[in-house]
Amino acid sequence: MSDFFSTLANPAMPFLRNALVAALLSSVLFGVIGAIVTVRRIATLAGAVSHAVLGGIGLVLYLSATKAIPAIPPIIGAFVFALLAAMIIGVVSKRAKQREDTVINAIWAIGMSIGVLTMAKTPGYVDPSSYLFGNILLISTTDLIFLAVLDVIVVALAWRFYPQIEASAFDEEYAKVRGVRVNLVYFVILGIVAIAVVLLQTFVGIVMVIAMLTLPAGTAGYTARNLVGMMVLGWFYASIFSVGGLVAGWTFDVPAGAMVVIIAGMVFLAFALAGMIKKHFKRSVKNKEDIA
Amino acid sequence: MEHNHATALRFQNVSFSYGQTAVLDNINFHIHEGEFIALVGPNGTGKSTILKLALGLESPHSGSVLVYGKQPQSMLHRIGYVPQHTQYDRSFPISVSEVVGMGLLHPSSKKANIKQQDRISDALQDVAVGDLADRPYTDLSGGQRRRVLVARALISHPSFLILDEPTANMDSESESLLFSVLGTLKGKTTILIVTHDTEFVSSLTDRVLCLGKRGSCAGGATIVQHLTEPVDYAHATLTGQEKLKVLHDVQIPGDACNQEGTLHE
């Protein structure tokens, strides 16, 4: 671990500092967006969007490499595919609820398949695993600026429209009766989830971004008394998991993204187990009182 | 009580269907300001659809729905609504106070009323659950949750209160308390209460609207009014409130207007 901190302080090795800043900036999104994704139960939807991103990345890499289009960064394709996937799922979810599952799974699979096929046909070597599992040590200063800007936007929107976000998640029909434009709230959330997924996949990768959008918020859900508490606690847990995963990944020379998710998963399961034991204990005390 | 007041709600030639399934067929009725109306009918006849139309959550396929003479969407600030809300996320972290505070929710503003906490406390006291303010909503019993939803509807002091099956799964104490609260509002607030109990209604009721499938050409439900009569066998201690028996053998057109306001035999 001392090696981690000495490398962090080394001016010649900025990549680890970038990784640490990325971990902390990502935690804000994992906490705030994760809480909304969790209470609105749209985690599967976010999973489909994150996997569709591979299609956008692969397509841009292929078209750029074959000179069909001018060379552009693959992240542009990721944004287009993520937003497109989110809006398609959103429209289907609102208009034909019974088809939602099918469409989510179709977009999930089709996005991945487009990515795999186009990467396979892209001239030169393209390694899909860095996109699938992330490579936090390749994070650039531009990525950090994007993450910081999105953090500010997300926190500002969550603070400004908190009552409307909370009401439409808890009781959408009632929020509508109170005049809240619930569909607008829903589509803005989907759009932000899509953009966030693209930026966050640089940290933990496409496959694991959904885990980090649900595990810190899910862990927070065991003790949070309200949605804002879930956001703040989720942010706190995500920071611990992210930094912990980064340190562990560096120390044991394993992928940091995977370590982050392993730590998050272990803590979540520990909370779930503690919750079950507590419930069981409470029930047996109550049964004893009833018998007495 | 005279009901020569303005009309709070008017359904005029309203038909509605979900896809190819006709739900409502040429519905006509109106409610005057200050009236206490029971809308009864068996499950699946379209009572909740009538409420959705009145709240502007759905639009009629033909005919018109007017609240205080205007489109429902522009009058929502005058309506208090108690939904069934039987399906909710049992792990949603939210306190009773926060649920009640939603009754003061503005469509886009964050600004909270400076007396919001006082109003929340008062609304909870009105339905006798003031001590539950800080409890998680999901920890409450079915009856307590119903009372909280009533408090949420009342906090904005609506002039028109719509309740969807408020007594479903409610214990008799909660039911009695609910109707005593509604009794204090009677005459001052227009009340439309929906229930699937087609035999008895609260003694507070001025008129009974009955929704049912009566063999209309389109296959949707139609609406008529029924007379009521007091009964002594549905005793208050058993049911939580005084009740009136609905006389189904007397059918009055849904839009018939009685200036006396009450339709008891």
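Residues numbered from 1 in each chain as written. Chains lettered and ligands numbered in written order. Predicted model: local features only at pLDDT ≥ 70, side-chain atom pairs only at ≥ 80, totals over all residues.

Hey, could you go over the overall build of chain A for me, with residue numbers and the actual values?
In terms of helices and strands, chain A carries 13 helices and 0 strands. Against the globule reference of 19 Å for 292 residues, chain A gives a C-alpha radius of gyration of 21 Å, in line with a compact fold. Each principal axis of the C-alpha atoms in chain A carries an extent, and together these give about 80 × 55 × 35 Å. For chain A, the residues scored as buried account for 46% of the 292 residues in total. For chain A, long-range pairs separated by at least 24 residues make up 75% of all intrachain contacts whose partners lie at least 6 apart in sequence. (Helix = DSSP H or I, 4+ residues; strand = E, 2+ residues; numbered from the N terminus. Rg over C-alpha atoms; globule rule 2.2 N^0.38 Å. Buried ≥ 20, exposed ≤ 12 C-beta atoms within 10 Å, placed from the backbone. Contact = placed C-beta atoms within 7 Å.)

Before we move on, can you summarise the nonpolar core with the specific residues and values?
In terms of nonpolar packing, the biggest core is built from 166 residues, with Val49(A), Ala82(A), Val193(A), Val197(A) and Met212(A) touching the most fellow members. The biggest single contributor to this core is helix H10 (residues 182-204) of chain A, with 15 residues. Mapping this core onto the domain boundaries places at least three of its residues in each of domain 1 (1-11 + 54-79) and domain 2 (94-157) of chain B. Sequence-distant contacts of Ala82(A), defined by excluding residues within four places in its chain, comprise Val49(A), Ala52(A), Val53(A), Gly56(A), Ala194(A), Ile195(A), Val197(A) and Val198(A). (Core = buried A, V, L, I, M, F, W, Y, C linked by C-beta atoms within 7 Å. Domains from an automatic or database assignment.)

Before we move on, could you go through the interface of chain A and chain B and cite the residues and values that matter?
Counting from both sides, the interface comprises 25 residues of chain A and, opposite them, 19 residues of chain B. Each residue belonging to the side of chain A that touches chain B can be placed in one class, and the counts come to 13 nonpolar, 5 polar and 7 charged. (Nonpolar A, V, L, I, M, F, W, Y, C, P; charged D, E, K, R; others polar.)

Got a sec to walk through the domain arrangement of chain B? Specific residues and values, please.
Here the domain parsing of chain B yields domain 1 (1-11 + 54-79) and domain 2 (94-157). Look at where the C-alpha atoms of domain 1 of chain B and domain 2 of chain B centre, and you get two points 26 Å apart.

Could you give an account of the environment of Ala22(A), naming the residues involved and the relevant values?
Residues and elements named next belong to chain A. Position of Ala-22 among the secondary structure elements: in helix H2 (residues 14-39). For the pair Ala-22 and Ile-139, spaced 117 residues apart in sequence, the C-alpha to C-alpha distance is 7.6 Å. Setting aside anything within four residues of it in sequence, one finds Ala-22 in contact with Ile-136, Ile-139, Asp-143, Leu-144, Leu-147 and Phe-203.

Describe helix H1 (residues 47-54) of chain B, listing the residues and the values that go with them.
Residues and elements named next belong to chain B. Within H1, 7 of the 8 residues are buried, which leaves it mostly tucked inside the rest of the structure. Those residues of H1 that sit buried are Lys-47, Thr-49, Ile-50, Leu-51, Lys-52, Leu-53 and Ala-54. Of the residues trailing H1, Gly-56 is marked for its positive phi of about 75 degrees.

Can you explain the packing of helix H4 (residues 74-95) of chain A against H10(A)? Please cite residues and give values.
Residue and element names in this part refer to chain A. At a minimum axis separation of 9 Å, H4 and H10 run at an interaxial angle of 150 degrees. Considering the angle they form, H4 stands roughly antiparallel to H10. The handedness of the crossing between H4 and H10 comes out as right-handed. Every residue of H10 that contacts H4 at Ile-75, Ala-78, Phe-79, Ala-82, Leu-83, Ala-86, Met-87, Gly-90 and Lys-94 is listed here: Asn-183, Tyr-186, Phe-187, Leu-190, Gly-191, Val-193, Ala-194, Ile-195, Val-197 and Val-198. Along the lines of polarity and charge, the residues of the contact of H4 with H10 split into 15 nonpolar, 3 polar and 1 charged. (Axes fitted to C-alpha atoms, helices over the stretch in contact; angles between N-to-C directions. Parallel < 35°, antiparallel > 145°, perpendicular 65-115°, else oblique. Left-handed = near helix turned anticlockwise from the far one by under 90°.)

Quick rundown of the confidence of the model for chain B? Include the residues and the values.
Residue and element names in this part refer to chain B. Looking at chain B as a whole, the pLDDT averages 83, with 88% of positions reaching at least 70. Note on residues 260-265: pLDDT is under 50 here. Beyond four places in sequence and across chains, it has 18 contacts. Reported confidences for the modelled complex are a pTM of 0.87 and an ipTM of 0.85. (pLDDT = per-residue confidence, 0-100.)

Give a description of the packing of helix H3 (residues 43-65) of chain A against helix H5 (residues 100-121) of chain A that names residues and reports values.
When two helices pack together, their arrangement is captured by the angle between the axes and the distance separating the axes. Residues and elements named next belong to chain A. It is the contact of H3 with H5, at a shortest axis distance of 7 Å, that shows an interaxial angle of 25 degrees. Classed by the angle they form, the pair H3 and H5 counts as roughly parallel. Between H3 and H5 lies a crossing whose hand is left-handed. For the contact of H3 with H5, the class distribution of residues is 15 nonpolar, 8 polar and 1 charged.

Can you tell me about unusual backbone geometry, naming the residues and giving the values?
Residue and element names in this part refer to chain B. With phi around 60 degrees, Ala-128 is a residue other than glycine that occupies positive phi space. Note that Ala-128 resides in the loop between helix H3 (116-126) and helix H4 (142-154). The exposure class assigned to Ala-128 is partly exposed, which follows from the 17 C-beta atoms found within 10 Å.

Please set out the sheet that holds strand E1 (residues 7-18) of chain B residue by residue, giving values where relevant.
All names here are of chain B. Strand order in this open sheet of 3 strands is E2-E1-E4, and the pairing throughout is antiparallel. The open sheet terminates on both sides in strands that have one partner only, identified here as strand E2 (21-32) and strand E4 (62-67). Neighbour-to-neighbour, the strand axes of the sheet open up by a mean angle of 20 degrees, direction not taken into account. Two elements, E1 and E4, share 5 bridges in a ladder whose sense is antiparallel. Bridge pairing in E4 links Ser-15 to Ser-62. Of the strands in this sheet, E1, E2 and E4 are in contact with H1, which crosses E1 at around 120 degrees. (Pairing = 2+ DSSP bridges.)

Any details on the environment of Val185(A)? Residues and values, ideally.
Relative to the helices and strands, Val185(A) resides in helix H10. For Val185(A), the residues in contact, after removing those within four places along its chain, are Gln164(A), Ile165(A), Ser168(A) and Val180(A).

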